[in-house]
Amino acid sequence: MKKSQYDIIIVGGGMVGSAIACALGGSRYSVAVLENQYPAPFSFEQPHDLRVSAISVASETLLRNIGAWEGIASRRLCPYQRMKVWESDADKAATEFNSADINEPYLGNIVENRIVQLALLERLSEFDNIDLLCPVKTQSIDYSPGSSIVTLDDGQELIGRLLIGADGGHSNVRQAVGIGVTKWDYAQHALIASVTTAYPQQDITWQQFTPTGPLAFLPLSGAHASLVWYNTPNDVKRLLALDDDAFSRALHDQFPSCLGKIDAILERGFFPLRRQHAHRYVDDGVALVGDAAHMIHPLAGQGVNIGFLDAAALSACLLDAQDHSDFYSMAWLARYEKERRHPNLLMMQSMDFFYRAFSNRVLPIKLLRNIGLGVAGRLPFAKEHVMRLAMGIEGRLPELSRRVG
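Values in this document were obtained by computation on a predicted structure and should not be read as measured data. (Residues numbered from 1 in each chain as written. Predicted model: local features only at pLDDT ≥ 70, side-chain atom pairs only at ≥ 80, totals over all residues. Heavy atoms only, no water.)

**Some points on the overall build of the protein chain**
Counting its regular elements, the protein chain contains 11 helices and 19 strands. Taken over the C-alpha trace, the protein chain has a radius of gyration of 22 Å; the compact-globule value for 405 residues is 22 Å, and the two agree within 12%. Viewed in the frame of its principal axes, the protein chain has a C-alpha envelope of about 65 × 45 × 40 Å. Split into buried and exposed, the 405 residues of the protein chain put 53% on the buried side. Of the roughly 17,800 Å² that the protein chain leaves accessible, carbon and sulfur atoms contribute 53%. (Helix = DSSP H or I, 4+ residues; strand = E, 2+ residues; numbered from the N terminus. Rg over C-alpha atoms; globule rule 2.2 N^0.38 Å. Buried < 20%, exposed > 50% of the residue type's maximum accessible area, 1.4 Å probe, protein only. Areas by Shrake-Rupley, 256 points an atom, 1.4 Å probe, with all protein chains shown as cover.)

Written out as C-alpha cells, the structure reads:
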C-alpha cells in the first residue's frame, strides 16, 4: 500500500488535537489528523451530553482566533456570570465571584465537549493543507525523529516528520517514544449526572466542599444542568446502581438546598481521577499536548483549558518555524515545553493542595478552611485577581489565547 508523507501527524482529533490543526490551517505544513470516531451530528432537540467543560475566556479567545467559536455559539452553550464556593455555611463562610465586579459579561461558558469537537473538525475541513482521517485506529507507531511511521488498522502507512501526541492519558505516541510519566490515582471518582431542575435558566456555577469531595453544579441552557459528585469509588459504584427515583433522593439528601428540585435525571456516569505528568513534553520529532502530557484533578475545571493553552503555545512555535527544515527538532520544540511545563505543574500542585486540604476531617483544619473562605469573600482585590487569572485575561498567555483590548 502507498505510504503517505506529511510534515506533521496529529494523533488524536479531540478538542486539543483539532485545535492545533485549525491553528496550522493555511500554513506551509502538510498535516494529517487521526481520529478514531467522528462525533455524532448535533440537533437542538437532543438532550445535553453528559461530558461538558467550563471554557475559559482564554480558551474562547483561541477558538475565536482559529475560526471555531462560531460553530460552537451557533449550537448551544451557557455563559455563567457567577461562581460560589463554600464548605459548611454558604452564608457565613463562602466566596462568590461575579463577572460584574470586573466589568466582564461572564466568567466563562459551559459547553458540551462534543459541540466543541464538532466545531473544530468542521473548521479544519476548510483547509487544503489538512487531511482528517476519521474513523481510523492506530495499529502501531514506529518512532524515528524526522521520519516516524504510523500504521493504521487498515494497513495504511503514514510518514511524518513531527508526531503530535494528542491521544489522551494512555497516549500511544508517548509510549512509542518511551516517555515515562509520574502518576497516582486519587481516592475519588467523579460521578456526573445530566438533569433538569425546577429552576429556569441559571447564571451561576457552584461547589460545596465535603470530606468525600466537592459537590458541583454546572448550569446548561434552559432548565438543564450537569451535576458532579466526587466520592469514594465504592460509593460511586453504589450510587450508580440505584434506580432513578432512589438516585434522585440521594441527590436531594446530599446536595445543598440551592440545587432546587430535580425534575428528571437524563443520564449518569463516572470517571476515575488521576494525577499524571509526562517526564518531558518534547523530543526530536515529537510533542505531547493535553492529557497525553498531563492530567489534573478536575476540581477547578481547568483540564481542557490548560490543554488549549498547550495547543496555542505549540502552534505558535510551529508557525514560527515553518520556513525551516528542522521545524521538528528540539531546537524549536523546546520553547513549547519551556513555556508550558511550569504553569501546568503549578496548576497540578494547586489542585493537589485543594484536594488534600478539603479532604481533611481534622477539626482545626476544617475551621481554618471555613475562616479562609469567609475572609477570601471579603477581599475584593484578591477576588478580582483570582477571577482574571482563572478566566485567562491576566498573566502570561500564548498569543493565540491572549485577548486584545
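Okay, back to it.
**Notes on the pattern of salt bridges**
For the coordinates displayed, the defined rule picks out 17 salt bridges. One salt bridge connects Glu122 with Arg75, and the closest N-O pair in it is separated by 2.5 Å. Here the residue Glu122 occupies a position in helix H4 (residues 113-124), and Arg75 occupies one in the loop between helix H3 (69-73) and strand S4 (78-80), the gap between them amounting to 47 residues. With a shortest N-O distance of 2.7 Å, Arg403 and Glu104 are connected by a salt bridge. Of this pair, Arg403 sits in the segment after helix H11 (380-391) while Glu104 is found in the loop between strand S6 (94-98) and strand S7 (108-112), placing the two residues 299 residues apart along the sequence. Relative accessible area serves as the criterion here: at 16%, Glu104 is assigned to the buried category. (Salt bridge = Lys/Arg side-chain N within 4 Å of Asp/Glu carboxyl O.)

**A look at unusual backbone geometry**
Omega for the peptide link from Cys134 to Pro135 comes to 0°, which places this bond in the cis form. One non-glycine residue, Asn103, lies in the positive phi region at around 60°. Looking at the element boundaries, Asn103 is found in the loop between S6 and S7.

**Some remarks on the sheet that holds S7**
Whether parallel or antiparallel, the strands of a sheet pair through hydrogen bonds between backbone atoms. Taken in spatial order, the three strands make up an open sheet running S3-S7-S4, and their pairing is antiparallel. Two strands bound the open sheet, and with one partner strand each, they are strand S3 (52-55) and S4. The mean inter-strand angle of the sheet, taken between neighbouring strand axes irrespective of direction, is 25°. Relative to S7, S4 runs antiparallel, the two sharing three bridges. Paired with Tyr80 across the bridge in S7 is Gly108. (Pairing = 2+ DSSP bridges. Axes fitted to C-alpha atoms, helices over the stretch in contact; angles between N-to-C directions.)

**Comments concerning the packing of helix H1 (residues 15-23) against H4**
The interhelical angle for the contact between H1 and H4, taken along N-to-C directions, is 25°, at an axis separation of 9 Å. It follows from the interaxial angle that H1 and H4 lie roughly parallel. As for the relative orientation of H1 and H4, their crossing is left-handed in sense. Facing Met15, Ser18, Ala19, Ala21 and Cys22 of H1, the residues of H4 in contact are Asn113, Val116, Gln117, Leu120, Leu121, Arg123 and Leu124. Of the residues assigned to the contact of H1 with H4, the class counts are eight nonpolar, three polar and one charged. (Parallel < 35°, antiparallel > 145°, perpendicular 65-115°, else oblique. Left-handed = near helix turned anticlockwise from the far one by under 90°. Contact = heavy atoms within 4.5 Å. Nonpolar A, V, L, I, M, F, W, Y, C, P; charged D, E, K, R; others polar.)

Note that all results are geometric; they support no functional claim without further evidence.
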